[in-house]
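Chain residues, written in single-letter form:
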Protein chains: 2
Amino acid sequence: MDKSHQSQSDVSAALKSAGMQVTAQRLAVYRAVQTSPHAMADEICQTVREDLGVISRQAVYDALNTMSENGLIRRIQPAGSPARYEHRVDNHHHLACRKCESLIDIDCAVGEAPCLTAKSDHGYLIDEAEVIYWGICPACQQ
Amino acid sequence: MDKSHQSQSDVSAALKSAGMQVTAQRLAVYRAVQTSPHAMADEICQTVREDLGVISRQAVYDALNTMSENGLIRRIQPAGSPARYEHRVDNHHHLACRKCESLIDIDCAVGEAPCLTAKSDHGYLIDEAEVIYWGICPACQQ
DNA sequence: TCCAATTATGGACTGAGTCAATAATTGGTT
DNA sequence: AACCAATTATTGACTCAGTCCATAATTGGA
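Parameters at a glance
Residues numbered from 1 in each chain as written. Chains lettered and ligands numbered in written order. Predicted model: local features only at pLDDT ≥ 70, side-chain atom pairs only at ≥ 80, totals over all residues. Heavy atoms only, no water. Buried < 20%, exposed > 50% of the residue type's maximum accessible area, 1.4 Å probe, protein only. Helix = DSSP H or I, 4+ residues; strand = E, 2+ residues; numbered from the N terminus. Pairing = 2+ DSSP bridges. Least-squares fit on C-alpha atoms with pLDDT ≥ 70 in both. Contact = heavy atoms within 4.5 Å. Buried area = accessible area lost by both parts, 1.4 Å probe. Salt bridge = Lys/Arg side-chain N within 4 Å of Asp/Glu carboxyl O. Polar contact = N/O pair within 3.5 Å; in protein donor to acceptor, adjacent residues only side chain to side chain. Axes fitted to C-alpha atoms, helices over the stretch in contact; angles between N-to-C directions. Parallel < 35°, antiparallel > 145°, perpendicular 65-115°, else oblique. Left-handed = near helix turned anticlockwise from the far one by under 90°. Nonpolar A, V, L, I, M, F, W, Y, C, P; charged D, E, K, R; others polar. Domains from an automatic or database assignment. Core = buried A, V, L, I, M, F, W, Y, C linked by side-chain atoms within 4.5 Å.

Novice: I'd like a description of the pairing of strand β6 (residues 125-136) of chain A, backed by residues and values.
Specialist: Counting buried positions along β6(A) gives nine out of twelve residues, so the element sits mostly inside the fold. As judged from the four bridges shared by strand β4 (residues 92-97) of chain A and β6(A), these two strands associate in the parallel manner. Residue A:L95 lies in a different strand from β6(A), and its bridge partner there is A:Y133. With eleven bridges joining them, β6(A) and strand β6 (residues 125-136) of chain B adopt antiparallel strand pairing.

Novice: Report on the relation of the copies chain A and chain B, specifying residues and quantitative values.
Specialist: Between the two copies of this chain, the relationship is a rotation about some axis together with a displacement along it. Of the transformation superimposing chain A on chain B, the axial component is 0.0 Å and the angular component is 180°, with the fit at an RMSD of 0.0 Å. In the structure described here, the two chain copies are related by an operation that fits a two-fold rotation axis. Of the C-alpha atoms belonging to chain A, the one lying closest to the rotation axis is found on A:V131, 2.3 Å away. Counting the interface residues of chain A, we find that 100% of their copies in chain B are interface residues as well, pointing to one common contact surface.

Novice: For the interface of chain A and chain B, give the residues involved together with the corresponding values.
Specialist: Taken together, the contact pairs 38 residues of chain A with 38 residues of chain B. A per-residue breakdown of the area chain A buries against chain B is headed by A:Y124, A:E130 and A:Y133, which together make up 22% of the total. Our count for the chain A to chain B interface comes out at four salt bridges. The closest approach of N and O atoms between B:D127 and A:R98, which form a salt bridge, is 2.6 Å. Where chain A packs against chain B, one counts 18 residue pairs in polar contact (both at pLDDT 80 or more).

Novice: For the packing of helix α2 (residues 24-35) of chain A against helix α3 (residues 41-52) of chain A, give the residues involved together with the corresponding values.
Specialist: Residue and element names in this part refer to chain A. At their nearest, the axes of α2 and α3 sit 9 Å apart, and the two run at 120° to each other. In terms of their interaxial angle, α2 and α3 are classed as oblique. The element α2 and its partner α3 pack so that their crossing is right-handed. Within the contact between the two elements, α2 uses A24, Q25, A28, V29, R31, A32 and V33 and α3 uses I44, T47, V48, D51 and L52. Class assignment for the residues of the contact of α2 with α3 results in eight nonpolar, two polar and two charged.

Novice: Go over the domain arrangement of chain A, please, and point to the residues and values.
Specialist: All names here are of chain A. The domains assigned to chain A are domain 1 (8-84) and domain 2 (90-141). One C-alpha centre belongs to domain 1, the other to domain 2, and the line joining them spans 22 Å. The interface of domain 1 with domain 2 comprises eight residues on the first partner and ten residues on the second. Between domain 1 and domain 2 lies a buried interface of about 760 Å² when both sides are counted; carbon and sulfur atoms form 49% of it. Linking domain 1 to domain 2 there are zero salt bridges. In this assembly, domain 1 and domain 2 are joined by five residue pairs in polar contact (both at pLDDT 80 or more). Each residue belonging to the side of domain 1 that touches domain 2 can be placed in one class, and the counts come to three nonpolar, three polar and two charged.

Novice: I'd like a rundown of the nonpolar core, residues and numbers included.
Specialist: In a soluble, globular protein the nonpolar side chains are often hidden away together inside. Core analysis: the biggest nonpolar cluster contains 26 residues, and A:Y133 and B:Y133 have the highest contact counts within it. Of all the secondary structure elements, the ones that give two or more residues to this core are β4 and β6 of chain A together with β4 (92-97) and β6 of chain B. Those residues in contact with A:Y133 that sit more than four places away from it in its chain are A:H93, A:H94, A:L95, A:A96, A:I106, B:L116, B:T117, B:A118, B:I126, B:E128 and B:A129.

Novice: Explain unusual backbone geometry to me, using residue names and the numbers behind them.
Specialist: In this structure, A:H38 is a non-glycine residue whose phi angle is positive, near 75°. By secondary structure assignment, the location of A:H38 is in the loop between α2 and β1 (39-40). A:H38 sits in the buried class, given a relative accessible area of 11%. A positive phi angle, close to 50°, is found at B:H122, a residue other than glycine. Here B:H122 shows up in the loop between β5 (103-107) and β6.

Novice: An account of the sheet that holds strand β3 (residues 84-86) of chain A is requested, with residue identities and associated values reported.
Specialist: Residue and element names in this part refer to chain A. Across the sheet, three strands lie side by side as β1-β3-β2; this open sheet has antiparallel pairing. Both outer strands of the open sheet, β1 and β2 (74-76), are each paired with one neighbouring strand and no more. Note: β1 against β3, two bridges, orientation antiparallel. Note on β3: the bridge partner recorded for A39 is Y85.

Right under this line is the structure:
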């Protein structure tokens, strides 16, 4: 199954199995995240409003937070940017442009997390290696 | 030379060679960053105030920003945390605790940046691979 | 159908950081 | 040594992203 294209009922089931209730707001927020990956909270809020008509800013934040905590979506926060959300929850990385703040996905060569091993774990129980490649995107290189 | 223990005159010289003026505020901010690595802006502000007596919050932010831009210090921003600053500017990584927000340095096995190569660079000119290992620190494992 | 628990709404509020106008410093020049 | 243009510091208002909280509405199991 293509994890990056969850159907409505898949999302519904995922919410339930995480012990969350299924609401129109949550489904719509998930759809918005799916439609525009790497979008920020207020962009998602706008998208959902075009869809549902009305939703409170708080409901969007709640949905994004609980769905992130339950692994339905993933939150990314590159330095200097507000939080962004994506529906891809497999282990992949990101490529960020220092100039235009654009962000794109990069597949992880290894697959399952953590894909890198630290030289020494200093006693930490490491579960994820978050990698962000920083550079200049093709458009900004002119 | 141990890059992690710049003397006052080294800092002074580094500021000059970056085209920046040498001021008491900047030297004090650098000292504060050196003294408590991974500190946040307001902590640095406090430390500098114990040192100089008075400094404006804005002067602290200015010093931190310009020194970061000129490579004298490094800014790190783990998700969910305000910006932190460190005087180590060599290529190393970080280990963050999901519970207590503690952050420690991890040496990079490779050395010079970028220490990782992306599977595909998508036309980006990559200059850095930022790696944050996420896990639970020894103290929080109880 | 009912009801307890969960979720949404609306509005005030916080924290981190920036903006912009004015005052003070710095460091090269005569 | 004094001057002066450019840089830097101060002050206070302001923005942006996000949280808190009390109340109202919805959900889904009994």
